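Commentary on secondary and tertiary structure
Each chain, written out:
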Amino acid sequence: MPKQVVKSRPWTTYIWDTWDKPEPERRFLFKLDACLLTYAALSYFSKYLDQQNITNAYVSGMKEDLGLHGNQLNYITTAWTCGYVLGQIPSNMLITRIRPSIWIPTMEVIWSVLTMVLASAKNFETLVVVRFFVGLAESTFYPAIQYVIGSWYKGDELGKRACIFHTASALGPMFSGFLQTGAYNGLNGVHGLAGWKWLFIIDGVITIPIALLGYIIMPDLPSNTKPSMFYTQEQIEIGQRRMAEIGRKPPAPFTRKKVISFFTTWHIYTLVPLYVLFNNGSGPANSMIFWLKSFNKPGHQVYTVGQINTYPLGIQAVQVITTLVYAWWSDIMRARWPPMLFAGTWNMITSIVLASTPLYEHITRRWVFYYFTQCQGGLSGLILAWANELTGHDNEKRSFVVASCNMFAYVVQAWLPIIIFPQVEQPRVFKGNVTTACINFSMMTFAMTTYYLSRRDQRRARKQRESTPGSDVSEDIVLEDEVDLDLKKTPIAASTTTTEETPTVPTLEHRHPTHFV
């Protein structure tokens, strides 16, 4: 096999991974980051703005105006979840055939219109129906963007991009609190509309220009992106070569054998439960807003509507910081699982503390621990980056697994919060906090199982290659990070050390000896 020079890693790459790349590749990645991440983050921001808005609207007058009661907020949320679940796998399969730059923005325009329609709702039934279709339109976005990001970036780049994109999920709720406060104080009653109705109108108005921007700057896949004002033919070829170097395949025809192969390897059976557990492991974060409201009694107000909406924003601030820390940590170490263990342990302890301490004693302590409830919220990008890497040898399987992760996460989310976090038990929700601690422990178990199986496959692929000289037998089973097995035998600092691996850039699971045994 051809020899490859493994160079020492400049310290600047620990800050940003493009600074040591050749000038043409660096310019290409700058354009790709500017276009793809800008559009993805702006669009996801507006989506999460809407998701948080429904809760903020509920505590800011919608409950009283529409006569909502009991667990109806949970049912409204569940209606959105059902629509969101149904559309994900079909959309992600279609996007391997339809240009993402057309499909994603078009569905976003539809989503914007439906969001504004929520302001016209007169009763609970209308809210449920419209929220279902809002979820259906939104289902095309998140797994599709993660799939597209996974189609352009290498392993030592992917974690940061996926998590930078995902920080918008925290910034949306942060902005929503301020937006709701502004709408309630400044627009309440304008043109006869309550402040909470203006919240949905503003969200839709914000999103339409973002969708139109997507038609212009959203890239397609390396295999079908055409030269434009943003990318030259040479830069598109750089993108195609980069994916070929790590074995991440372009779209291929669907066959019966291919579809069956989605279910005959372990990936879907560990990555999907891992993501499901992550996604349902931060339920206590929703309790703080109810906790603050519970201080208000008839004739005695402790917190205003504005304070109830803005004080919980510290939860999202912690999520933004931890998301970025996990992203850089994961890419620098080229290992996805350590941040998962750290965040899972942290969140498990947080849930135990919330379950075991009184609601109204040691207010400051409880306040701080509520702020910790989303400390594992930044793992989404890392888990889906891992899925993109581990299934990169089959494009359609990669798309299917990424969509399945998100879809089944919300299948569980459609019913689990109603059982463990019923609205009538807020803010105490003892069983919800205890269950969340168990969920985080299970998440860590699946993270380590995924790590073990990926390393096992690497060892098998290596042995198979060594026993079949000159063959291409590893093409369908080798993982992008499999080169690590050789790097562990060679000094990283020696710029002239050679290895026999085919990929030109080691990715994902390369571990520095000072950090691991």
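Residues numbered from 1 in each chain as written. Predicted model: local features only at pLDDT ≥ 70, side-chain atom pairs only at ≥ 80, totals over all residues. Heavy atoms only, no water.

1. Comments concerning the side chain of serine 46
In this fold, serine 46 is placed in helix 1 (residues 23-66). Not counting residues up to four positions away in its chain, the partners in contact with serine 46 are Glu108, Trp111, Asp203, Thr207 and Ile210. (Helix = DSSP H or I, 4+ residues; strand = E, 2+ residues; numbered from the N terminus. Contact = heavy atoms within 4.5 Å.)

2. Some thoughts on unusual backbone geometry
Cis peptide bonds are those with omega within 30 degrees of zero, and the linkage from glutamine 426 to proline 427 qualifies with 5°. Structurally, the position occupied by proline 427 is in the loop between helix 19 (416-420) and helix 20 (430-467). Phi at histidine 362 takes a positive value of approximately 50°, unusual for a residue other than glycine. Within the secondary structure, histidine 362 is located in the loop between helix 15 (337-356) and helix 16 (363-371). With relative accessibility at 51%, the residue histidine 362 sits in the exposed group. Even without being glycine, valine 429 reaches a positive phi, approximately 35°. Mapped onto the fold, valine 429 is located in the loop between helix 19 and helix 20. Using a relative accessible area of 1% as the deciding quantity, one classes valine 429 as buried. (Buried < 20%, exposed > 50% of the residue type's maximum accessible area, 1.4 Å probe, protein only.)

3. Concerning the pattern of salt bridges
This structure, assessed with the given rule, holds 21 salt bridges. In this structure, aspartate 394 engages lysine 258 in a salt bridge whose closest nitrogen and oxygen atoms are separated by 3.0 Å. Of this pair, aspartate 394 sits in the loop between helix 17 (379-390) and helix 18 (395-413) while lysine 258 sits in helix 10 (residues 256-261), and the two are 136 residues apart along the sequence. According to the relative accessible area criterion, aspartate 394 is buried, its value standing at 11%. (Salt bridge = Lys/Arg side-chain N within 4 Å of Asp/Glu carboxyl O.)

4. Some remarks on the environment of isoleucine 321
By secondary structure assignment, the location of isoleucine 321 is in helix 14 (residues 313-333). On a C-alpha basis, the gap between isoleucine 321 and cysteine 375 in space is 8.8 Å, while along the polypeptide they are 54 residues apart.

5. Considering helix 11 (residues 267-279)
Here helix 11 contains 13 residues, and its C-alpha end-to-end distance of 18 Å stays within 8% of the 18 Å for a straight helix at 1.5 Å per residue. Taken as a whole, helix 11 has its buried residues at His267, Ile268, Thr270, Leu271, Val272, Leu274, Tyr275, Val276, Leu277, Phe278 and Asn279. Buried residues along helix 11 sit in contact with helix 5 (142-150), helix 15, helix 17, helix 18 and helix 20. (Expected span 1.5 Å × (residues − 1).)

6. What to know about a nonpolar patch on the surface
A grouping of Ile102, Leu212, Tyr215, Ile216 and Met229 is seen on the molecular surface, where their side chains present a nonpolar patch of about 530 Å² in accessible area. By the secondary structure assignment, tyrosine 215 is in helix 8 (residues 195-217). (Patch = residues over 30% accessible without salt bridge, like charges linked within 9 Å, V, L, I, M, F, W, Y side chains within 5 Å. Areas by Shrake-Rupley, 256 points an atom, 1.4 Å probe, with all protein chains shown as cover.)

7. Considerations on the packing of helix 12 (residues 287-294) against helix 16
Contact geometry for helix 12 and helix 16: axes closest at 10 Å, N-to-C directions at 155°. Classified by the angle their axes make, helix 12 and helix 16 are roughly antiparallel. Residues Ser287, Met288, Trp291 and Leu292 of helix 12 form the contact with helix 16, whose own contacting residues are Ile363, Arg366, Trp367, Tyr370 and Tyr371. (Axes fitted to C-alpha atoms, helices over the stretch in contact; angles between N-to-C directions. Parallel < 35°, antiparallel > 145°, perpendicular 65-115°, else oblique.)

8. Things to note about the packing of aromatic side chains
Note on aromatic pairs: each is described by the distance of the centres and the angle between the planes. For the structure on display, the rule yields 30 aromatic pairs. Relative to tryptophan 328, the ring of tryptophan 16 has its centre 5.9 Å away and its plane inclined at 40°; by these criteria the two rings are tilted. In this pair, tryptophan 16 is assigned in the loop between strand 1 (4-5) and helix 1 and tryptophan 328 in helix 14, connecting sequence segments 312 residues apart. The exposure class assigned to tryptophan 16 is buried, which follows from its relative accessible area of 18%. Between tryptophan 337 and tyrosine 451 the ring centres are 5.0 Å apart and the planes differ by 45°, which places this aromatic pair in the tilted class. You can see tryptophan 337 sitting in helix 15 and its partner tyrosine 451 sitting in helix 20, a full 114 residues away along the chain. For tryptophan 337, a relative accessible area of 10% puts it in the buried group. Counting every residue linked through ring pairs, the aromatic cluster contains Trp291, Phe295, Tyr303, Tyr311, Tyr360, Trp367 and Tyr370. Over the ring of tryptophan 111 we find lysine 47; its NZ or CZ atom is 4.7 Å from the centre of that ring. The cationic tip of lysine 47 hangs over the ring face of phenylalanine 141; the distance from NZ or CZ to the ring centre is 4.8 Å. (Phe/Tyr/Trp six-rings, centres within 6.5 Å; stacked < 30°, edge-to-face > 60°. Lys NZ or Arg CZ within 6 Å of the ring centre and 35° of its normal.)

9. As for the confidence of the model for the protein chain
Counting all residues, the mean pLDDT for the protein chain is 84, and 86% of those residues have values of 70 or more. By mean pLDDT, strand 2 (residues 498-499) is the weakest element of the protein chain at 38, and helix 11 is the strongest at 97. Counting contacts from residues 471-517, a segment whose pLDDT is below 50, to residues more than four positions away or on other chains yields 127 contacts. (pLDDT = per-residue confidence, 0-100.)

10. What about the nonpolar core?
Counting 125 residues, the largest nonpolar core has Met62, Ile104, Ile145, Tyr153 and Leu379 as its most contacted members. If sequence neighbours within four positions are ignored, methionine 62 has contacts with Ile54, Ala57, Gly67, Leu68, Leu127 and Trp196. (Core = buried A, V, L, I, M, F, W, Y, C linked by side-chain atoms within 4.5 Å.)

11. Section: the environment of tryptophan 198
Inspection of the secondary structure puts tryptophan 198 in helix 8. Placed 11 residues apart in sequence, tryptophan 198 and leucine 187 show a C-alpha to C-alpha distance of 7.0 Å.

12. Focus: the side chain of glutamine 88
For glutamine 88, the position within the fold is in helix 2 (residues 72-94). There is a polar contact of 3.2 Å between the side chain of glutamine 88 and the backbone oxygen of tyrosine 84. Those residues in contact with glutamine 88 that lie beyond four places of it in its chain are Ser139, Pro143, Ala403, Asn406, Met407 and Tyr410. (Polar contact = N/O pair within 3.5 Å; in protein donor to acceptor, adjacent residues only side chain to side chain.)

13. Observations regarding helix 14
The terminal C-alpha atoms of helix 14, which comprises 21 residues, lie 31 Å apart, in line with the 30 Å expected from a rise of 1.5 Å per residue. Backbone geometry just downstream of helix 14 places arginine 334 in the positive-phi region, at approximately 55°.

14. Observations regarding the packing of helix 5 against helix 6 (residues 155-166)
One way to put it is that helix 5 packs onto helix 6 with a least axis distance of 10 Å and a crossing angle of 155°. Classified by the interaxial angle, the pair formed by helix 5 and helix 6 is roughly antiparallel. When the axes of helix 5 and helix 6 are compared, the crossing they make is right-handed. Here helix 5 contributes Tyr142, Ile145, Gln146, Ile149 and Gly150 to the contact with helix 6, which in turn contributes Leu158, Arg161, Ala162, Phe165 and His166. Partitioning the contact of helix 5 with helix 6 into residue classes produces 6 nonpolar, 3 polar and 1 charged. (Left-handed = near helix turned anticlockwise from the far one by under 90°. Nonpolar A, V, L, I, M, F, W, Y, C, P; charged D, E, K, R; others polar.)

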